[in-house]
Every structure is written in C-alpha cells, then in structure tokens.
Amino acid sequence: MSEDNFFDDLHAETLAVRAGQVRSQFNEHAEALYLTSSFVFNSAAEAAARFSGEVPGNVYSRFTNPTVAVFQDRLAALEGAEACVATASGMSAIMSLVMALCSQGDHIVASSGVFGATQQLLGGIMPRFGIDTSFVAQSELSEWQAALRPNTRLLFLETPGNPLTGIADIAALAAIAHAHGALLVVDNCFCTPILQQPLKLGADLVVHSATKYLDGQGRVLGGAVVGPKKLTDEVFKFLRTAGPTLSAFNAWVLQKGLETLSIRMHAQSAAALELARWLEAHPKVLRVFYPGLPSHPQHELALRQQKSGGAIVSFEVKGGRAEAWKVVDNCRLLSITANLGDVKTTLTHPATTTHGRLSPEQRAAAGIEESLLRVAVGLEAVADLQEDLARGLALI
Ligand SMILES: *Cc1c(COP(=O)(O)O)cnc(C)c1O
C-alpha cells in the first residue's frame, strides 16, 4: 500500500479490488502468485539482518509470503483494521487467537450457538490446557455479564448466529468486555466487512473463516484474525512458530474472492430478503428466521449494526422431520450440503447434520426443531430458488 493516506478515504468496493497490491519488477496488472517456500539473500550480512528482524523482509513462507500479505492487507483495509494475519482455515484462526492471547487459568465467555468446531475447541480441547469457557445465550446481555469471572480474558461471539440468525449487540458487549478488562472477539463470517464492521462498533478483534464468503466460490480453506497490530502481532508470533499459516496459493484465490465480495454480498443479501418474504407468505411455512424481516425479534438491532440482513435464511415447515426432508429431497437446484457462503445456494437440515450431535434436549434448548431448514442463498435467480423449494413444499 502507498505510504500516504490515499487509501484511507476509499470505499469498500474500491478497497476490495485495489488495497494491498504490490507490483513486482514486471509491473503485472493482476496480483502475482509467489509459490515459494523460502527466499534468498544477497549476502551473509543480509541473511543475518533478515533473520534477526533488523531488516524487514521475507525469509520463509511459514512466517510471511508476499501473496499472503496482499490478502492480509486487503482484508485489513476492508475491516477498517490496522492489521491482519491469515491462517490455514477459520478454525486455525480461532485456535491461534486463543493460544496467543490466553494462558492457563484464563476464562472465556462465548455464545452458545457458535460454530460446532468452535464449541468443541473452546469447550472440549482448551480445558485440557487450563482455559475454560462458559457458554451463554447470545442475545441476553445479563447472561454475559453474570458469566464474567475475575480471570475472564475474552468474550467470543458470532452474529448473526447459526442457524436461527439471532443477533448479539456488539457495541453493548464491547462495553461489558472493556469494563471488565477483557477483549471482545467477533466471528464475522456471516456478514463479512461488507455488511458489518465489528471493530467500528467496539470489538477488539475479528476472526474469519475465509472459506465461506471471502472466497465465495467454495474453492479453498482459509482464515484470518483482524485488528490492532499490537494484538495481531501476538497471534503472528504463535502462528509463525506453530505453523497453521495460509498457503500462498489459497491466499491468491482468496484475494481474487475479495475482489467480488462487495457485489456478491449485496446481491446475495437482497436475494435472501426476497426469498425470506416469499417463504413467510407460503402456507406450508410456519416461521422464518431472517434479520432483514420486521418479524425478526431483533430486526431493529440488526438494522443498526448491519447494512442488510445477510444471505442466510432459516425456516420451519409445518410438520416435522419427514416434511422438512421432503423439501430437501425434492430440490434439484439447491445443493444439499452444510457449507455456506457460496454463490451456489445450499440447503441444510440442521437437526440431522450440523447440529446432529447435540442431544434432543440440547437441540430443543437451542430452538432447533426437526422442521427447521437453513438456506444459504447464492447468486441464482430467486424465482428459480423459489420454484425448487415450492416443489417439496407442495407435497407437505
Ligand atoms: C466455517 C466456520 C468456521 C470454521 O472455518 P473453517 O474455515 O471451516 O475452519 C468458523 N466460524 C464460522 C461461523 C463458520 O461458519
């Protein structure tokens, strides 16, 4: 990025295609892909200076790589952040953040509906290293407050939540965290910086599964931790030693993904709103969960902290599992898969897939019914998506 403040005043659409690019001696227009594990030095003295960190520059791609740097700088610009460190996957971003910022004896408060692997990492693996997590209802500020302990180091949340699209109040939770001397971490996977900028609302760090919307075309895995350099530097120190860094190839695919992020997010979110309205009016649909609908219990809050409702719509059909499966099995266009964030629309039955390992009691407590379906809306024509869902709905 140039050294003056030129980039500071540009809009997200522009940053998504321009931020972070550095041209080589060939002056290429598209970003180059540097598939190299290591870098050479012009002299023993230069090698020594680079290794000691006295002179900045690339040494080895577990530490830094120019293609990864373009992706990092572009995503940092989009989140309005000082810095970004990229990781091999969303989970390695969350793992690296916890390993870098927490120590034995520390405590985390997280929302109970977080991504399954995140729950397993925080609730199942980290306690073996003396880092415990309390899970609380995402939207209940009093539960977050009550769960704080003197040793609470992080508050961790996703908003909108999966699959019921509950909203957590980022600004209010940032205030609760800061009054306690803790950090607020937001997994911004569902909205991306195009629809929500948690750092501007007071969050300390953002994590991403770049695998989802940042790629947008279901090709590669990746992740990122974004925020002030003081904190991302700590994550970087862990990452360069422990090794779950992003590959240069994946970074190159992901920075191409960022170039269309704004246009995709706005289009997919608009399509989701149209589909949600249609579902809400359908006689075989009991309930629709979508933050962009006035019927959503936190519609006002969603409008305040998001630019639009996002591209995830969940709904309950009238009936139970058999009726929900009828809709799934009669789709010819929608992909039956648990993935999301793709330009191809995906359809999931959470109770028997993503949330299948919960006990029936846990599922009931989380509000995940057998009749629930989740649609991650892509870029197909909404009329075609409606027709695909209508086929199964007509059989209920
Ligand atoms: C997919 C996902 C993750 C994990 O990301 P991976 O890239 O699969 O490791 C974390 N958080 C959320 C909200 C996700 O959807």
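About the cut-offs
Residues numbered from 1 in each chain as written. Predicted model: local features only at pLDDT ≥ 70, side-chain atom pairs only at ≥ 80, totals over all residues. Heavy atoms only, no water. Helix = DSSP H or I, 4+ residues; strand = E, 2+ residues; numbered from the N terminus. Expected span 1.5 Å × (residues − 1). Buried < 20%, exposed > 50% of the residue type's maximum accessible area, 1.4 Å probe, protein only. Polar contact = N/O pair within 3.5 Å; in protein donor to acceptor, adjacent residues only side chain to side chain. Domains from an automatic or database assignment. Buried area = accessible area lost by both parts, 1.4 Å probe. Near = heavy atom within 4 Å. Areas by Shrake-Rupley, 256 points an atom, 1.4 Å probe, with all protein chains shown as cover. Nonpolar A, V, L, I, M, F, W, Y, C, P; charged D, E, K, R; others polar. Pairing = 2+ DSSP bridges. Patch = residues over 30% accessible without salt bridge, like charges linked within 9 Å, V, L, I, M, F, W, Y side chains within 5 Å. Salt bridge = Lys/Arg side-chain N within 4 Å of Asp/Glu carboxyl O.

Engineer: Looking at this structure, how should I read helix 3 (residues 66–79)?
Structural biologist: Residues spaced three or four apart along an α-helix face the same direction, because each turn holds 3.6 residues. Spanning 14 residues, helix 3 covers 20 Å between terminal C-alpha atoms, matching the ideal 20 Å at 1.5 Å per step. Buried within helix 3 we find Thr67, Val68, Val70, Phe71, Gln72, Arg74, Leu75, Ala76, Ala77, Leu78 and Glu79. Put simply, Asn65 is the residue that caps the front of helix 3, since its side-chain oxygen is 2.8 Å from the backbone nitrogen of Thr67. A positive phi of about 70° marks Gly80, the residue just after helix 3.

Engineer: Just to check I follow, could you spell out the domain arrangement of the protein chain for this structure?
Structural biologist: Buried accessible area, meaning the area lost when the parts come together, often serves as the stated size of an interface. Taken domain by domain, the protein chain consists of domain 1 (3–259) and domain 2 (262–393). The distance between the C-alpha centroids of domain 1 and domain 2 comes to 27 Å. The junction of domain 1 with domain 2 conceals about 2700 Å² of combined surface from both sides, 57% of it contributed by carbon and sulfur atoms. If you sort the residues of domain 1 by the area they bury against domain 2, Leu164, Leu195 and Tyr213 come out on top, with a joint share of 28%. Where domain 1 touches domain 2, the interface holds 15 residue pairs in polar contact (both at pLDDT 80 or more).

Engineer: Help me understand the site of the ligand, please; the structure alone is not making it clear to me.
Structural biologist: Around the ligand sit Ser89, Gly90, Met91, Phe115, Glu158, Asp187, Cys189, Ser209, Thr211, Lys212 and Gly222, and those are all the residues in its vicinity. Residue Ser209 places a side-chain N or O atom 2.9 Å away from an oxygen atom belonging to the ligand. Take Lys212: an N or O atom from its side chain is 2.7 Å from an oxygen atom of the ligand. In isolation the ligand has 380 Å² of accessible area, and contact with the protein removes 91% of it. A breakdown of the residues in the shell around the ligand according to their chemical character gives three nonpolar, five polar and three charged.

Engineer: Sorry if this is basic, but what is going on with the side chain of Asn188 here?
Structural biologist: For Asn188, the location among the structural elements is in the loop between strand 5 (183–187) and helix 8 (192–195). Side-chain polar atoms of Asn188 contact the side chain of Glu79, separated by 3.1 Å.

Engineer: Where do I start with the pairing of strand 1 (residues 83–87) in this structure?
Structural biologist: Burial analysis of strand 1 places five of its five residues in the buried class, the great majority of the element. Bridging between strand 1 and strand 7 (residues 223–227) involves five bridges; their strand directions are antiparallel. Counted as the bridge partner of Ala86 is Ala224 from strand 7.

Engineer: Before we go on, may I ask you to explain a nonpolar patch on the surface in this structure?
Structural biologist: Nonpolar side chains collect at one region of the surface, where Leu33, Leu35 and Phe249 lie side by side and expose about 280 Å² of accessible area between them. Of note, Phe249 is situated in helix 10 (residues 248–259). Residue Phe249 is classed as partly exposed on the basis of its relative accessible area of 39%.

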